[in-house]
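# Architecture and fold: a report
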Amino acid sequence: MINKKSLLYNEYSLYVFSFFISILTYGFALTNYSLTVDSESPAFPDYSMSLGRWGTNLIRYRIFEGHLPYFTLLLGLLFLSLSAVELTKIFRLKNIYSFIFCALFLSVPQHAYQLAFTMQADAVPIGFYCSILGVHLFISNISNLKEINSVIKLLFSCLLITFTIAIYQALVFIPVITYLVFIFININEKTFVFKYELKRLLCFILLMVISLILYYLSVKLFCPPIEDGYLSSYTAGGDNNRFVDFYNLWIDNIRGDFYYGDKTFLFASISSLFLIVSFAIEKKNFFIKLLCLLTLLITPFFISFFITNGSNPPRLYVSSTIIFGFLITYLIMKINISYIKQYLFIIILLVCSNIYLITNLFYSNYKIFNHDVTIAKKIETTIQNKYPDFDSNTDYVYFYGALPESNYEKLKLPNSEVFGGSLFAWDGGNNWRIINFFRFNDIAYFRFLDDKRSFDLIKDSIPAMPQWPSSESVKKINNVVVVKIGSTPGALLPLQQK
C-alpha cells in the first residue's frame, strides 16, 4: 500500500511539474496574445474538412466553435503535459529521469511552430495525447489476444490513432516514433528476445495500416474531395535528386541549423554519438541498436523526402520533440549517477535556452501583430475620413497587393516561418485573410468583394494609384474602396478564378 501511494504521489508530482514547465515556457505567449496566419479565419461547418482533417473540425467547430485567446493555448499545454507524462510510462522512465524528460520534451521550440497556430493550438496536442495513449494501449494488450477486454482495447487503440491522423496528418509520426523508442529501450534490456520483439513490431505495423485504412474510409465518408491544389503543391516542381536534397535537409536539422529555435537539437545529435560509442563498447546487439538509433534520427524528418517544392515548414517535424527529450535523458541514465548534479545544471541551462528561444519567437510575432493592428487602424481611419458616407453594409473594400518586406524585416527572426508572417503580406496579399483580420480584432467589418461587375469597374484604375501609406492609395470607385498596399496583385479573388 505504501509503494502504491508513493507511486501515485510521484505521478501526480510529475503532472504538476510538467504543467508548470509548460506554463513557464509559454508564459509570454499566454499573456501577450498575437494572431498568426490561418487563425484569422472564423470556424465554419466545413472547417478543415477539405483537407481531410475531420478531427480538427470536431474540436475546432463542433466542440469549441472557434478558438479563444489564452484558453486555446492553455488547453493545448495541458494536453502536451499529459502527453509528456504518458511518454515516461511507455519509456519506463522513473524518478529524476522522468522529470528531466518532461522538462526537455515540453520546452523544445519545435512545439512552438504548432502552438503558434491558434486555430489548432489545442487540436494538435489533443492528437498528440490520443496517439500516445493508443500506443500505450497497444503495448499493454498485444500479449493478451485471447482476452476479449484486450481485443477491445486494441480496437480502441486503433481508433485513437485514426482520430489523431484526422486531426493533422503529420501526427502519424507520433505513434511510430513512440513505438520505435519503446523498441530501442527493449533492445538495450538483458531480457531482449529478437523474435518476440519482431513479432510485436509486425503487429504494430498492422495496427498502423488498419488505422490508415480507417482514416482513408472516414475521409471518403465524411469529407468533401481533398484539395488537390494544397496537397499537390508540396510535390510540385523540383528536378533535383531527392536523396541528396533530403540528406542536406536532414543534416541541417540534426545540426540545429534548419529553423530558428532548432539550435538545441544539436544536443540530441551529440547524445546519439555518445550512445553509439557506448554500444560499440558493450558490443552486444551493436548493429541492431545502431540501426534502431539511426531510424529514430531519420524518421521524424522523413516526410520531407516527398516534398519537392522547397517548402518544409518546421511544424511538420512534430515527432522530433520526442527524440530530443529521449536521447538526452537516455544518455544521462547510462552515465554514472554520481555526476547527476552536474547534468542537472546542464539540463537547466538547456531548458532555459529553449524557453528563451520560444519567448523570442512569440515576442517577434507579437511585434508584427501589433504593427499590423496599427496599420489596420490607420487604413480604417483613412477610409472614414476620406469617405464619411462609406457604408460597410453596401460598399466593398478591396486590398491590392501586399505590404513590402521592408515593413517587417526589423521585426522578423531568421528562418522563423509563421512567426515572421504578416496578415498584410501572406500569400502576396490575400483579401480573405486581411478582411478577417480587421473583423477578428474588431477594427472594421468590411464587405468582401465578390461582385465581378464591381471588380471590372475598378481593375484598370489600380495600376496608376500610389501605394500605402499615401492617402491617395485609398480611393473609392463607385461602390468599391480600393486600398493599394503593394505594387503587384496578390492572391486572386474567387471571382477571378471562375
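If you're wondering where the values come from, they're calculated on a predicted model, not measured in any experiment.

Bringing the state of the cysteines into the picture now. In total, this model carries 0 disulfides according to the counting rule given. For Cys130, which is in no disulfide, the shortest distance to another cysteine sulfur is to Cys158 and amounts to 13 Å. You can call Cys130 buried: its relative accessible area is 11%.

This part takes up the sheet that holds strand β2 (residues 447-448). With mixed pairing, 4 strands are arranged side by side in an open sheet as β2-β1-β4-β3. Every interior strand has two partners, whereas the edge strands, β2 and β3 (474-477), have only one. Across the sheet, helix α17 (residues 431-440) lies against β1 (396-400) and β2, angled at about 120° from β1, the strand it touches most.

With that out of the way, let us pick up the nonpolar core. By size, the foremost hydrophobic cluster in this structure holds 123 residues, and its most contacted members are Phe91, Phe105, Val181, Ile322 and Phe326. Setting aside its immediate chain neighbours within four residues, Phe326 contacts Phe91, Phe101, Val181, Phe184 and Ile185. Within the second largest apolar cluster, 42 residues are counted, among which are Leu35, Tyr396, Trp468 and Leu495.

Mapping Ser131 onto the fold places it in helix α7 (residues 123-141). Residue class for Ser131 comes out buried when judged on its relative accessible area of 0%. Reaching out from Ser131, the side chain makes a polar contact with the backbone oxygen of Phe128 at a distance of 2.8 Å. If near-sequence neighbours (up to four positions away) are discounted, Ser131 is found in contact with Ile161, Thr164, Ile174 and Pro175.

Scanning the model with the defined rule gives 48 aromatic pairs in all. Ring centres 5.8 Å apart and planes at 90° place the aromatic pair Phe91 and Phe101 in the edge-to-face group. In this pair, Phe91 is assigned in the loop between α4 (71-90) and α5 (96-107) and Phe101 in helix α5, connecting sequence segments 10 residues apart. Accessibility assignment for this pair places Phe91 and Phe101 in one class, buried. Look at Phe286 and Phe287: their rings are 5.2 Å apart centre to centre, the planes differ by 70°, and that puts the pair in the edge-to-face class. Overall, the relative accessible area of 66% leaves Phe287 in the exposed class. An aromatic cluster is present here, built from Tyr26, Tyr113, Phe258, Tyr259, Phe265, Phe301, Tyr317, Phe324, Phe362 and Phe419 joined pairwise through their rings.

Attention now moves to the environment of Gly134. Note that Gly134 resides in helix α7. Taking the relative accessible area as the measure of exposure, Gly134 reaches 0% and is therefore buried. Sequence-wise, Gly134 and Ile347 are 213 residues apart; in three dimensions their C-alpha atoms are separated by 30 Å. Setting aside residues no more than four positions away along its own chain, Gly134 makes contact with Ser157 and Leu160.

A few words on the packing of helix α12 (residues 242-255) against helix α13 (residues 265-282). Contact geometry for α12 and α13: axes closest at 6 Å, N-to-C directions at 100°. Regarding the angle of α12 to α13, the classification is roughly perpendicular. For the pair α12 and α13, contact is made by Asn253, Ile254 and Arg255 and by Phe265, Leu266 and Ser269, respectively.

Analysis parameters
Residues numbered from 1 in each chain as written. Predicted model: local features only at pLDDT ≥ 70, side-chain atom pairs only at ≥ 80, totals over all residues. Heavy atoms only, no water. Disulfide = S-S within 2.5 Å. Buried < 20%, exposed > 50% of the residue type's maximum accessible area, 1.4 Å probe, protein only. Pairing = 2+ DSSP bridges. Helix = DSSP H or I, 4+ residues; strand = E, 2+ residues; numbered from the N terminus. Contact = heavy atoms within 4.5 Å. Axes fitted to C-alpha atoms, helices over the stretch in contact; angles between N-to-C directions. Core = buried A, V, L, I, M, F, W, Y, C linked by side-chain atoms within 4.5 Å. Polar contact = N/O pair within 3.5 Å; in protein donor to acceptor, adjacent residues only side chain to side chain. Phe/Tyr/Trp six-rings, centres within 6.5 Å; stacked < 30°, edge-to-face > 60°. Parallel < 35°, antiparallel > 145°, perpendicular 65-115°, else oblique.

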